[in-house]
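Take a look at the letters that make up each chain.
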Amino acid sequence: MQEASQESKQENSYIVSKADGFISALDRAGQELTAFEQTLNQMDGDIVKRIRQFSDECAALSVRFKKSGQMTAVDEALNVTLAEIASAVASWQMAFEKNRSGKKFMIEHQKYLATMVFGAVKAGKSTLGNFLAGREFLSAPFDNRYKHLPVTEFSSQEQARKTGGMTEKDSEGRRWFCEGVTDTTGDIQYFTLSGLRWFDSPGTGSLGTADDFRKMDEMVKEYLNYVDLCIFLINSSEPGLTEDMKYMKFLNASNQEALVVITKSDFFDEDVDDDGNIVSETRPKDDKTRKMQEDDMCQRLRKQYPDLDSSKYRAISISTGLAKDAVKNGDARKFRESHLDLLMDRISEKAAKNIIELKKKRPREAFGKFVADVRNGTEDFGGIAAVLASLDKAQKNIDGFKKEIGNKTRLLTQNILSVVKSAMEKELVDLSAEVSRGRSISGNEISGMLMEITSREMKKVIGRAIGDIIGQNLNVMQGITLSAGSAGIHSSGVSQRYTEVEHQYVEAVVGTRDPRGIIEHVQSWFGKTFSAVYYEQRTKVEKIASGTNIEDVLDEVLPQVKSYVQDTVRENLDNIANNFFRTQERFIAEIRNKAKALSSSLEGISKKVADD
């Protein structure tokens, strides 16, 4: 009898030593953390100030940029960019509030090793939590450290469902997590055991209800950022579910460590006792099976997430059921087989490290992650990099319009020449009629008229072309003055044209003649003269009005108009391309500079926190 008692004491001593070592390690961690004060208020203030300043500056620029009436495609694209920036800033501010609540969480629990257990519904989170809180140790048939501790307090960190958390009281009025019910909790619940603060979470992938204030997965994901140790529970009967494993990717991105715990690593074995009764006993899975499951779990993680840092997670198989039986019966062998002793050792090791540095590390990393998220963006929101990319896209859009405008020179020149020629011909025909009525039209008047026609029609054609390109009507040219080009148009003026016509005719001319015969000669002696009619062939040249010189004028001015239009179109399209978008480009440049300045300042603040 005495030998049996001695053997029982030896069996109990192993379990007692593990419980004592576990709690002692937590005690030391609690003592070290009592003096620790973590504050990032000044840096928080700087972050808030910089983001708010950026938001205010963008809003002020938006007011300056905002146009009334019809907008171009560029303006519409920039309005989209403005909306994206506003949305991004709002997301940064929301993320900051979450980050602030996270730091508040870390400060609130700074004296403890904050450990969160997460996993699918029915993975055994509540059962494991109750075991480590001492439920079985308090009723064990042997003395142990748990029996000398104050009553373990269970509390709720955040309620996400109207029904709240789920705890239950035992026969002595002590409170524990509820076990064995579906979707046990809608809260982040915890208990405090010396220097350990153990957080139980809603089951990953649990169904939402109409009473939920928050999505369960989102709430779990948020808290995983801020705890000191994550324990990822997976049921051994269905290890590596995709829904569960996605959290490992998030932990890796958060630079968080995790202990992968494969639960329910046991089976029921039935046997017949000496009296012929069937006896059912919980037995551990053999070491080979456990090792295969642990290796398989790690391989699945590496395969699904190749970038996962394997140094940040370790796998271990446990059976809380075996551990409960072991404590109840004082069975050291079964306790070892449960591997709960190994899990307690891992937690003790974590608590035994320089816990102050560990507690500083998480706020630093959370702060650094927040800054990195604001600068680079996340799956949930765009960062400064996305703002810069959006601005680059808007600028590229403008560059495309400018290039398209530049490519229009030849086509627009041809179109303008065709329109101008038709308009000039009409005007010159009208002027020709006036010239026929005696009006004199100088070369300067013609030059001025042609310049006016050319400028007017050029403005119309260019306006339509630019409007087609950037999605606006002819109002696009309002307020834009076309330059006159490097040279004017010179003309000799419009004049009447005459044709010389020759007329031939016979004219009768009366002249003197010589006397004829004796009588006329005698008479001529006394002074008498004699006349005769002569007929002469004559030619007369007459000028007849044959129209005006408009054809000559057209031949004279069209080469000049063509040269003028080519030069002026090219010059004005370059001017439009460089100046029409000046407001938008200036706006883009200012926002880009302010976004880069914000990114640089946040990087500096983050570095200061990391070096502090």
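Within every chain, residues take consecutive numbers counted from 1 along the sequence as written. Local features are withheld for residues below a pLDDT of 70 in this predicted model, meaning they are given only at 70 or higher, and side-chain atom pairs are given and counted only at 80 or more; totals for whole chains, interfaces and linings count all residues. Only hydrogens and water are set aside; all other atoms, that is, all heavy atoms of the structure, feed into the side-chain values.

In this section: the sheet that holds strand E8 (residues 258-263). Read across the open sheet, the seven strands follow the order E2-E5-E6-E1-E7-E8-E11; overall the sheet is mixed. Every other strand in the sheet has two partners, leaving strand E2 (153-159) and strand E11 (313-317) as the edge strands with one partner each. Taking each pair of neighbouring strands and ignoring which way they run, the sheet shows an average axis angle of 25°. Strands qualify as paired when DSSP identifies two bridges or more between them. Only runs of H or I of at least four residues qualify as helices and only runs of E of at least two qualify as strands under DSSP, and these elements are numbered from the N terminus. In terms of strand pairing, strand E1 (residues 113-119) meets strand E7 (residues 229-235) through five bridges, oriented parallel. Every axis corresponds to a line fitted to the C-alpha atoms, with the helix fit spanning only the stretch in contact, and the corresponding angles, defined between N-to-C directions, vary from 0 to 180 degrees.

With that settled, consider the confidence of the model for the chain. Values of pLDDT, which run from 0 to 100, indicate the predictor's confidence residue by residue. Residues with a pLDDT of 70 or more make up 81% of the chain, whose mean pLDDT is 78. Confidence scores differ between elements of the chain, with helix H7 (residues 242-253) showing the lowest mean pLDDT of 69 and helix H5 (residues 135-138) the highest of 93.

Bringing the packing of aromatic side chains into the picture now. Ring pairs are drawn from Phe, Tyr and Trp, using the six-membered ring of Trp, whenever the two centres fall within 6.5 Å, and their geometry is named by plane angle: stacked under 30 degrees, edge-to-face over 60, tilted for the rest. Under the counting rule described, the total for this entry stands at 12 aromatic pairs. Where Tyr14 meets Phe335, the ring centres are 6.4 Å apart and the plane angle is 70°; that geometry is what we call edge-to-face. Of the two residues, Tyr14 is situated in helix H1 (residues 2-34) and Phe335 in helix H10 (residues 332-338); the sequence distance between them amounts to 321 residues. Burial classification: accessible surface area is computed with a 1.4 Å probe over protein chains only, and a residue below 20% of its type maximum counts as buried, one above 50% as exposed, and the rest as partly exposed. For Tyr14, a relative accessible area of 18% translates into the label buried. One aromatic cluster is present, formed by Tyr14, Phe131, Phe137, Tyr146 and Phe335 through successive ring pairs. Any Lys NZ or Arg CZ found within 6 Å of a ring centre and within 35 degrees of that ring's normal is scored as a charge over the ring. Its end group placed over the ring of Tyr112, Arg197 keeps NZ or CZ at 3.9 Å from the ring centre. Sitting over the face of the ring of Tyr14, Arg336 holds its NZ or CZ atom 4.0 Å from the ring centroid.

Most of strand E5 (residues 187-193) sits inside the fold, with seven of its seven residues counted as buried. Covered by surrounding structure in E5 are Asp187, Gln189, Phe191 and Leu193 together with Ile188, Tyr190 and Thr192, the residues of both alternating faces. Of the pairings in the sheet, the one linking E2 to E5 comprises six bridges and is antiparallel in character. If you follow Glu158 over to E5, its bridge partner there is Ile188. Where E5 lies against strand E6 (residues 196-200), five bridges are found, and the strand directions are antiparallel. Opposite Leu193, over in E6, you have Leu196 as the bridge partner. Between E5 and E6, which follow one another and run antiparallel, lie two residues, and Ser194 among them has a positive phi close to 55°.

Attention now moves to the packing of helix H14 (residues 409-436) against helix H17 (residues 550-579). In the contact formed by H14 and H17, the axes pass within 9 Å of each other and the chain directions differ by 145°. You can see that H14 and H17 cross each other, and the crossing is right-handed. From H14, Thr409, Leu412, Thr413, Ile416, Leu417, Val420, Lys421, Met424, Glu425, Leu428, Val429 and Ser432 reach across to H17, where they touch Ile550, Val553, Leu554, Val557, Leu558, Val561, Lys562, Val565, Gln566, Val569, Arg570 and Leu573. In this classification, Asp, Glu, Lys and Arg are treated as charged, Ala, Val, Leu, Ile, Met, Phe, Trp, Tyr, Cys and Pro as nonpolar, and every other residue, Gly included, as polar. Here the contact of H14 with H17 is composed, by residue class, of 16 nonpolar, four polar and four charged. In this scheme the crossing of two helices becomes right-handed for a clockwise turn of the near helix relative to the far one and left-handed for an anticlockwise turn of less than a right angle. Whether two residues are in contact is decided by their heavy atoms: any pair within 4.5 Å suffices.

Each α-helix turn comprises 3.6 residues. Residues three or four places apart therefore point the same way. Those residues of helix H9 (residues 320-329) that sit buried are Thr320, Leu322, Ala323, Ala326 and Val327. Down the axis of H9, the buried side of the element spans an arc of 155°, and every buried residue falls inside it. Those residues of H9 that are exposed and angled more than 90 degrees off the buried face are Lys328 and Asn329. Within two residues after H9, Gly330 carries a phi angle of roughly 65°, on the positive side. In this context, the arc is that of the directions from the helix axis out to the C-beta atoms.

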